[in-house]
Amino acid sequence: MIPRKVIFSKLWKTVLFSCILLFFSVNAGVTSRSRGSIDLVFCIDLSASTNGLIDDVREKIWDIVNQVGAYRPSPSFRIGVIGFARPSFGEENAYVKILFPLSDDYDALENELYKLKPMVEKGDQYVGEALKVAVKKMDWVTDPDAMRVICIAGNGLVTTGNSESFRNACDEAVKRDIVINTMYCRTRNNAERDLPGWMEIARITGGQQFDIKIHKRTPLVLTSPDPARLKVLASNLNNTYIFYGKNGAFRYRMMVANDKRAYDASMMSFESRLYHKISDRFQFHQQGWDVIDYIKISNSDLEENFSMEEMNDSLKFKTPAYVRELAVRLKQDRNRIISELRKHLPYDRLNTINKKLEDSDLDKSDAFERTTMQALNKTAIAKGFVPASAGQDNLY
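So, here's what we can say about the structure.

As for the packing of aromatic side chains
Evaluation of the coordinates by the stated rule reveals eleven aromatic pairs. Ring plane angle 35° and centroid distance 5.7 Å describe the contact between Tyr95 and Tyr126, whose orientation is recorded as tilted. Separated by 31 residues along the polypeptide, Tyr95 in the loop between β2 (76-84) and β3 (96-103) and Tyr126 in the loop between α3 (106-115) and α4 (127-137) bring together distant segments of the chain. Ring centres of Tyr294 and Phe306 lie 5.1 Å apart, and the angle between their planes is 45°; this geometry places the pair in the tilted category. With a gap of twelve residues between them, Tyr294 in helix α10 (residues 291-298) and Phe306 in the loop between α10 and α11 (320-344) connect regions that are remote in the sequence. An aromatic cluster of at least three residues, connected via ring pairs, comprises Tyr244, Tyr294 and Phe306. The cationic tip of Lys318 hangs over the ring face of Tyr322; the distance from NZ or CZ to the ring centre is 5.0 Å. Positioned over the ring face of Tyr275 is Arg349, at 5.4 Å from the centre of the ring.

Brief notes about empty space enclosed by the protein
If you walk through the whole model with that rule in mind, you get one cavity of 30 Å³ or more. By volume, the largest cavity amounts to about 70 Å³. For the largest cavity, the lining is made up of 13 residues, of which Asp63, Gln67, Met268, Ile353 and Arg370 are closest to its centre. Those elements that provide at least two residues to the lining of the largest cavity are α2 (53-69), α9 (267-277), α12 (349-359) and α13 (368-382).

A few points about the nonpolar core
The biggest cluster of nonpolar side chains holds 61 residues, and the ones touching the most others in it are Phe42, Ile64, Phe77 and Leu376. Counting residues per element, this core draws most heavily on α2, which supplies eight residues. Beyond its immediate chain neighbours, meaning those up to four positions away, Ile64 contacts Leu40, Phe42, Phe77, Phe368, Thr372, Met373 and Leu376. Within the second largest apolar cluster, 32 residues are counted, among which are Val96, Ala130, Val133 and Val135.

A few points about the pattern of salt bridges
For the structure shown, the criterion picks out 27 salt bridges. For the salt bridge of Asp63 with Lys60, the shortest nitrogen-to-oxygen distance reads 3.9 Å. With Asp63 and Lys60 both in helix α2, this residue pair falls three residues apart, about one helical turn. Residue class for Asp63 comes out buried when judged on its relative accessible area of 11%. Close ionic contact of Asp333 with Arg336 constitutes a salt bridge, the shortest N to O distance being 3.8 Å. Pair noted here: Asp333 and Arg336 are both in helix α11, with a separation of three residues, about one helical turn. Look at Asp333 and you get partly exposed, because its relative accessible area is 30%. Within this structure, Asp107, Asp259, Arg273 and Lys277 form a network of salt bridges that share partners.

Quick notes on α11
Here α11 is 25 residues long and its end C-alpha atoms lie 36 Å apart, about the 36 Å a rise of 1.5 Å per residue gives. As for α11, its buried residues are in contact with α7 (227-238), α9 and α10.

About the thresholds
- Residues numbered from 1 in each chain as written.
- Predicted model: local features only at pLDDT ≥ 70, side-chain atom pairs only at ≥ 80, totals over all residues.
- Heavy atoms only, no water.
- Phe/Tyr/Trp six-rings, centres within 6.5 Å; stacked < 30°, edge-to-face > 60°.
- Helix = DSSP H or I, 4+ residues; strand = E, 2+ residues; numbered from the N terminus.
- Lys NZ or Arg CZ within 6 Å of the ring centre and 35° of its normal.
- 1 Å grid on protein atoms, 1.4 Å probe; cavity = no way out; pocket = protein on both sides within 12 Å on 5 of 7 lines; lining within 4 Å.
- Points joined across faces, edges and corners; volume = space filled by probe spheres on them.
- Core = buried A, V, L, I, M, F, W, Y, C linked by side-chain atoms within 4.5 Å.
- Buried < 20%, exposed > 50% of the residue type's maximum accessible area, 1.4 Å probe, protein only.
- Contact = heavy atoms within 4.5 Å.
- Salt bridge = Lys/Arg side-chain N within 4 Å of Asp/Glu carboxyl O.
- Expected span 1.5 Å × (residues − 1).

Right, dumping it as structure tokens:
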């Protein structure tokens, strides 16, 4: 006869082993879900009646990137931008133009948006045509579980041009599991006439309809105790990059220019930009033009499969050993600077911002970036993601 203690011990081990298996099986599911994809396309009205709307998109990209990047599980996140209602885009294109295809190259996205001339052009808003381009001509992720969202911002009648065009685009969006959120810009007194169509777009596709105000600014929520020191650290961080290759110099200048654009926009935008730069979404992903990241990813000694002629002029005649030693020193400098930046831009920065904005008495319901995040969060939760405001954010 087996003693009761032995039976109990075996039973306990069996239960424990089963719990361990259950734990790992559940977490295995979470791990696979962490590769979930989110595609977001902005359709931006660039007519005279919405002058300044593109500025809101450009200045708030980093806030949106950080907030979505903090979703748990962590998604693969791409953004694309379409402009419409600008006559210079061509009548043959229904005044619609893809300004940037879906991509996770946010630096290139920001750079392209700032190329857009701030001219004011009075044009017809062919909302249906803009949506048709967004639905059919953007390279949407094909994963059936992916989250696909269009945020269209503008005003005017959605029936301008082909009166059925917007409905056809909505029907196609539903087939492709694309949610469309509409953001109506109240810049004139035609809302009573215009709004029903914008509401119908959201209703058909399972999205939400919002009113927004152009250049409506939410309160600045800063986490850095010393903004002047933050600017110095940002400059020092840029000095740790060694560019190489055909596009290396261009990529480096673009990175520095995007820092300056964020700084000129506001200190909060600057903080958001730097928070992205020290995150896992940016660090060790510049191997195509930065020698330090290249060595980190490839573990190369630069002796083989690397042409010293691709180096910038000050280094192309140096030995591979010299450049590698320099890269190792700069990598140490970069790690030290990032560690100091994280004292200014703490781990829980996004939760701090969200909490303070929730507590603010200022009405934020019609601000572009908060409206965008409200729309994304609702769809994300339905897809199984947890936004930063409902959990911990962790970009690094």
